[in-house]
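Spelled out from the first residue to the last, the chains are:
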Amino acid sequence: MPERIQVHENGRFLQREDGAPFFYLGDTAWELFHRLTLADAAYYLTARARQGFTVIQAVVLAEMDGLTVPNANGDLPLHDMDPTRPNGAYFDHVDAIVRIANDLGLVVALLPTWGDKVNKMWGGGPEIFDASNARSFGAFLGDRYRSADLIWVLGGDRAVEDDRIKGIWRAMAEGLGNDHIRTFHPNGGQASSTWLHDEPWLDFNMIQSGHHERNADNAAMLDRDYARVPTKPCMEAESAYEDHPVNWKPTELGWFSDIEVRRPSYWGVFAGGHGLTYGCHDVWQFWEPHGDPVAWARTPWREALSLPVAGQMAFLKSLMLSRPFFDRVPDQGLILDSGGARLRATSGPGYAFVYFPSRVTARLDVSRFSFASWFDPRTGASTPTEINDAFTPPADEDWVLTLDAKHLLEPPSWVA
């Protein structure tokens, strides 16, 4: 199996055990194990691998009636909804999908359960976990997937409202063991750090800026996590989904545009995120025209795999891997005048990137740099430009200005 993923010694990034940088480019596939046949799962995973994704986020005990509606093979995950009595046939299907993902070079970010099975808050539930059976279920999963290439993700869109709930997640995390790194997926507008930053099992933090508004300021959320002590990596794990209605109100507010999906991705990474999760509203639920759409899903999932931003995320990954990876920091000091836009800057030894979310003229401190280019988030192409103290993108929409102290002769060894 590949070298396991671990936290880099500086506490900001992920890496393989051999020291190779790991950029977390996730796709949201919540219903993968629950709704897809093995053939459909292979089709989906192959498509995402070709698009450059590195991580697939999926849930064992799924949100959408995951305890009471069988998977594509007719199997329920648990006998009598008892976490201490897992159904082997269901987990054979999970095993097969995880193997396919790993064989394609994809890491599975595996959620043991959606959060409503611990803290219902809304949705279907039911709450089936206490500390005892959570530890047992975690131990079952930890043993079964010990040799898989994965990351454990606890939570699942729910808050940690009290010590009882925190104790359930802690017991599950301890049951899973420390063979793989562990994190927590919070509900919209929240961060795992709010409740769990000091938990010793939590290896890195996730935020969810969510789907309630256009251009939510996820960078401000990540600023808070980046400044926390002790230092832990942080990332945006659920921002505006592609093909998602804004605040679930398509008639009143319409749908997130391509640029409104790209912006939080770049903002989040440039604010210090070690990676990001992309999501498509039709894909996470694997909507088919003959099925009931969740929250106005409108594009069949196979077609939705090719929506524009899904294919553009690899350009962000390649950009971040094109320069020294582990020494990169947020660097808002480069921005002298933002031109009224929400610019975000990040820099490392001998380079800097500045994200322009719209076409404005901004003044920057370029005293350290000799070369500049405009990087197009839609195509991944770079076009050289003159060094000045004021920069205006070459066209409308969003752009990244790349600055280098010397000409980049060749990419680092880990860039394919």
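Above this note sits the structure.
Residues numbered from 1 in each chain as written. Predicted model: local features only at pLDDT ≥ 70, side-chain atom pairs only at ≥ 80, totals over all residues. Heavy atoms only, no water.

This paragraph deals with the environment of Gly138. Within the secondary structure layout, Gly138 lies in helix H4 (residues 131–144). We classify Gly138 as buried; its relative accessible area is 0%. Sequence separation of Gly138 and Val160 is 22 residues, and the distance between their C-alpha atoms is 18 Å. Apart from residues no more than four positions distant in its own chain, Gly138 is found in contact with Met172, Gly175 and Leu176. (Helix = DSSP H or I, 4+ residues; strand = E, 2+ residues; numbered from the N terminus. Buried < 20%, exposed > 50% of the residue type's maximum accessible area, 1.4 Å probe, protein only. Contact = heavy atoms within 4.5 Å.)

Once that is clear, we can look at the sheet that holds strand E17 (residues 362–364). Spatially, three strands are ordered E14-E17-E20 in an open sheet, and the strand pairing comes out antiparallel. Each edge of the open sheet carries a strand with a single partner, namely strand E14 (335–337) and strand E20 (390–391). Where E17 meets E20, two bridges bridge the pair, whose relative direction is antiparallel. Considered in E20, the bridge of Arg363 is made with Ala390. (Pairing = 2+ DSSP bridges.)

Turning our eyes to something else, we now look at the pattern of salt bridges. Under the defined criterion, the tally for this structure stands at 26 salt bridges. One salt bridge connects Arg135 with Glu174, and the closest N-O pair in it is separated by 2.8 Å. Placement of the pair is Arg135 in helix H4 and Glu174 in helix H5 (residues 163–176), with a sequence separation of 39 residues. Taking relative accessible area as the criterion, Arg135 reaches 40% and is therefore assigned partly exposed. Judged by its relative accessible area of 42%, Glu174 is partly exposed. (Salt bridge = Lys/Arg side-chain N within 4 Å of Asp/Glu carboxyl O.)

Scanning the entire structure with this criterion turns up one cavity of 30 Å³ or more. Of the voids in this model, the largest cavity is the one considered here, and its volume is about 40 Å³. Its residues assigned to classes, the lining of the largest cavity shows three nonpolar, four polar and three charged. (1 Å grid on protein atoms, 1.4 Å probe; cavity = no way out; pocket = protein on both sides within 12 Å on 5 of 7 lines; lining within 4 Å. Points joined across faces, edges and corners; volume = space filled by probe spheres on them. Nonpolar A, V, L, I, M, F, W, Y, C, P; charged D, E, K, R; others polar.)

For the rest of this paragraph, the subject is the pairing of strand E19 (residues 382–385). Two strands pair when backbone bridges link them, and strand E18 (residues 371–375) and E19 are joined in this way by four bridges, in the antiparallel orientation. Bridging across to E19, Trp374 finds its partner in Thr383. Counting the residues in the hairpin turn of E18 and E19 gives six residues, including Gly380, whose phi is positive at 80°.

The next subject is the sheet that holds strand E3 (residues 21–22). The strands that make up a sheet pair up through hydrogen bonds in the backbone, lying either parallel or antiparallel. The three strands lie next to each other as E1-E2-E3, forming an open sheet whose pairing is antiparallel. A strand with exactly one partner marks an edge of an open sheet, and here the two such strands are strand E1 (5–7) and E3. When strand E2 (residues 14–16) meets E3, the two strands line up antiparallel, connected through two bridges. Bridge pairing in E3 places Gln15 opposite Pro21.

Tracing the chain through its elements places Gly155 in strand E7 (residues 150–155). With 63 residues separating them in the primary sequence, Gly155 and Asn218 have C-alpha atoms 19 Å apart. With near-sequence residues (within four places) excluded, Gly155 lies in contact with Leu111, Thr113, Trp114, Gly115, Trp169, Phe184 and His185.

Two numbers describe how helix H2 (residues 38–50) lies on helix H3 (residues 88–103): the axes approach to 10 Å, and their chain directions differ by 25°. Viewed along their axes, H2 and H3 adopt a mutual orientation that is roughly parallel. Relative to H3, the crossing made by H2 is right-handed. The segment H2 lies against H3, with Leu38, Ala41, Ala42 and Leu45 engaging His93, Ala96, Ile97, Ile100 and Ala101. Grouping the constituent residues of the contact of H2 with H3 by class yields eight nonpolar, one polar and no charged. (Axes fitted to C-alpha atoms, helices over the stretch in contact; angles between N-to-C directions. Parallel < 35°, antiparallel > 145°, perpendicular 65-115°, else oblique. Left-handed = near helix turned anticlockwise from the far one by under 90°.)

Here we come to the side chain of Arg182. Counting through the fold element by element, Arg182 comes out in strand E8 (residues 182–185). Buried within the structure, Arg182 lacks any salt-bridge partner; its nearest side chain of opposite charge belongs to Asp203, at an N-O separation of 4.2 Å. At 3.2 Å, the side chain of Arg182 forms a polar contact with the backbone oxygen of Gly177. Ignoring any residue separated from it by four or fewer positions in sequence, one finds Arg182 in contact with Trp152, Ala173, Glu174, Gly177, Trp201, Leu202, Asp203 and Phe204. (Lys, Arg positive; Asp, Glu negative; His and termini not counted. Polar contact = N/O pair within 3.5 Å; in protein donor to acceptor, adjacent residues only side chain to side chain.)

For Asp75, the location among the structural elements is in the loop between strand E5 (55–61) and H3. With no salt bridge to any partner, buried Asp75 finds its closest opposite charge in Arg144, at an N-O distance of 11 Å. Once residues within four sequence positions are removed from consideration, Asp75 is found in contact with Pro70, Asn87, Ala89 and Tyr90.

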